[in-house]
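# Topology and contacts: notes
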Amino acid sequence: MEAVGEQLDESFGVLYGGLFSGNADDAGSRRTGPARLRAVPGGEGSGPAILGALAEELATAALAAPGLLAIATYSEAADYAGHAEELARTVEYLQLLAAGAVERTRTQAITQAAARTTHAAVPSPADDGCRNTAEFLRLRLRIPIREARRRLTLAQHTLSGSTLTGEPLTPPRLHLAAALTPGTDSIDPSRMVQGTAVSSHAATLITATLDRLQHHTTPETLDRIEEHLTTAATNTDPDFLTRLAQRWTDTIDADGTEPTEEALRNTQGAFIRKPRHGLHHLEIFATTDQYEHLLTVMNTATNPRTTTPATSTGDSPGTGTEHSRRTAETAALPDLPDLDRRTRAQKQLDGLITAAKTALATNTLPTTGGNRPQIVATIHYRDLFPTHAATSARKDHSAEAGTGTFAFTGPVAAATLRKIACDADIIPIPALLGTNGEILDLGRKTRLFTPAQRTALTTRDQGCAFPSCTIPAPWCEAHHITYWSHGGPTTTNNGVLLCSHHHHLIHKEQWTITTTTGTPAFIPPPHIDPTQTPQQNHYFKPPPPPHQHE
């Protein structure tokens, strides 16, 4: 493919009469450094005429590009993309210069027209219907008004100006101006010109950051920030540059504008909004320390390195080694499909809900009405425990009748209460009403797993038993493999630990659970695994190493 590489170079070599340079003594070599522009010899013709000729050559290169790139290798295509990006940055610099020149000359023309005492031989630009230069650029260049304003603002920060007497003025942002301006190569100043090192959009990001911080720090610090961000912009992408600029903003103005007590009373808080699409809507306005607490809790469900808390304590010698052994042995297993299709936002919500459930189970929250905080639901026993025959006869489980009532939310579907009624940590005392409304049972102790049974399940499963899940046992719920409403007993053989997400997934009844030698195994639906081979979670209990043959 060497010939293709030469053709790609030639397609850019035609542009500007060979703008992108290569080593003439080594035509077959591939460039690994940044692309550079060959200085165009000064010739006859005006600026627009030169740009017009360059535009024709650029169009020629664009017409030839599809055929060349169709047979290019990955390396050659990447080099081509790099050349195109360097060219785009140089064009952005020309756009910046042009916008600044239009602003300067338009202002001068309006001033001169206003100073004329006789009839104006040339109409004033102020009479062309455009209120300012940004509007003129929008109409003339067919660009958004926001883009026109961006170019004009950046030109004021990075281009040299002049006083009324004609004396030159240095640009306000010297470091950024130097990075935007093509410069002469130190190796061969007579022939080579380096392309623009920073895109105009990255430069806009830097100037906006400096404008926000100029009243919060000294000029010396502001100059250092400009130099640091400009250097970073020449080596990193704008996404990282945005984060770096925000880091500087947080460092210089860590407190921000201190909200008043009146402002906090009007804006701070957790607000319950109108439900949307069947989902409850909460809106939170928090201070920085409150937000950090929320992020810490939410990230427990998004951190891919989540492990059982005991792995980081010093009370269990060798725990770290055990965890390393588990990780190494689990890595040796064949890749399993990623069954967790939750978005990051869903995981963050699960982190908050899990923290709330854990807090309710600790029995350390302030009492309410003399009792510890708990989720209380009221439901008719026939709705909570439909007969097995009636349930099996229904093909559409979503059509099952029956509703219950939460203490705060109000009416709730019976299917929702069946999901959360499996574990005492979630709904410790559900009130079951008979036909006449009398209380039949408070808690149904035989339905709930006892602490001793939970300990046995923790010893066996060590965490969520669903395949490939890494949620530790303290965050799991005890689930009846055969539903208690279907006649299943509350025993360890009929119990399994599941995290909240997979507990709800099992209740959707696409996955089924069986036991193999006393260990739960999960059978996927046919559309995931046509063979429906039972799967087990090997994260907490990887298979033993193969026997060594003598």
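Residues numbered from 1 in each chain as written. Predicted model: local features only at pLDDT ≥ 70, side-chain atom pairs only at ≥ 80, totals over all residues. Heavy atoms only, no water.

Confidence in the prediction of the chain, expressed as mean pLDDT, is 74, and 67% of residues score 70 or more. In this model residues 424-445 is a low-confidence stretch, pLDDT under 50, and it forms 54 contacts with partners more than four residues away in sequence or in other chains. Across residues 544-550 the pLDDT falls below 50, and counting only partners more than four positions away or on other chains, this stretch makes zero contacts in the model. (pLDDT = per-residue confidence, 0-100. Contact = heavy atoms within 4.5 Å.)

On to the packing of helix 4 (residues 133-141) against helix 5 (residues 145-158), then. Relative to each other, helix 4 and helix 5 sit at 120 degrees, their axes nearing to 8 Å. On the basis of their axis angle, the class for helix 4 and helix 5 is oblique. Crossing geometry of helix 4 relative to helix 5 is assigned as right-handed. On helix 5, the residues touching Thr-133, Ala-134, Glu-135, Leu-137, Arg-138 and Leu-141 of helix 4 are Ile-145, Ala-148, Arg-149, Arg-151 and Leu-152. Taken together, the residues that form the contact of helix 4 with helix 5 break down as six nonpolar, one polar and four charged. (Axes fitted to C-alpha atoms, helices over the stretch in contact; angles between N-to-C directions. Helix = DSSP H or I, 4+ residues; strand = E, 2+ residues; numbered from the N terminus. Parallel < 35°, antiparallel > 145°, perpendicular 65-115°, else oblique. Left-handed = near helix turned anticlockwise from the far one by under 90°. Nonpolar A, V, L, I, M, F, W, Y, C, P; charged D, E, K, R; others polar.)

Moving on to the packing of aromatic side chains. One pass over the structure, following the stated rule, counts three aromatic pairs. Centre to centre, the rings of Phe-271 and Phe-285 are 6.1 Å apart; their planes meet at 70 degrees, and the pair counts as edge-to-face. Taken as a pair, Phe-271 in strand 6 (residues 269-276) and Phe-285 in strand 7 (residues 279-285) lie far apart in primary sequence, 14 residues in all. Within the aromatic cluster, the residues linked to one another by ring pairs are Phe-466, Trp-511 and Phe-522. (Phe/Tyr/Trp six-rings, centres within 6.5 Å; stacked < 30°, edge-to-face > 60°.)

Take the pattern of salt bridges next. On inspection of all chains with the given rule, the structure shows 10 salt bridges. Between Arg-150 and Glu-147 there is a salt bridge, and its shortest N-O distance comes to 2.8 Å. Separated by three residues within a single helix, Arg-150 and Glu-147 lie in helix 5, roughly one turn from each other. Each member of the pair Arg-150 and Glu-147 is classed as buried. The closest approach of N and O atoms between Glu-283 and Arg-273, which form a salt bridge, is 2.9 Å. A residue pair is termed long-range when its members are at least 10 positions apart, and Glu-283 in strand 7 and Arg-273 in strand 6 qualify at 10 residues. For Glu-283, a relative accessible area of 29% translates into the label partly exposed. (Salt bridge = Lys/Arg side-chain N within 4 Å of Asp/Glu carboxyl O. Buried < 20%, exposed > 50% of the residue type's maximum accessible area, 1.4 Å probe, protein only.)

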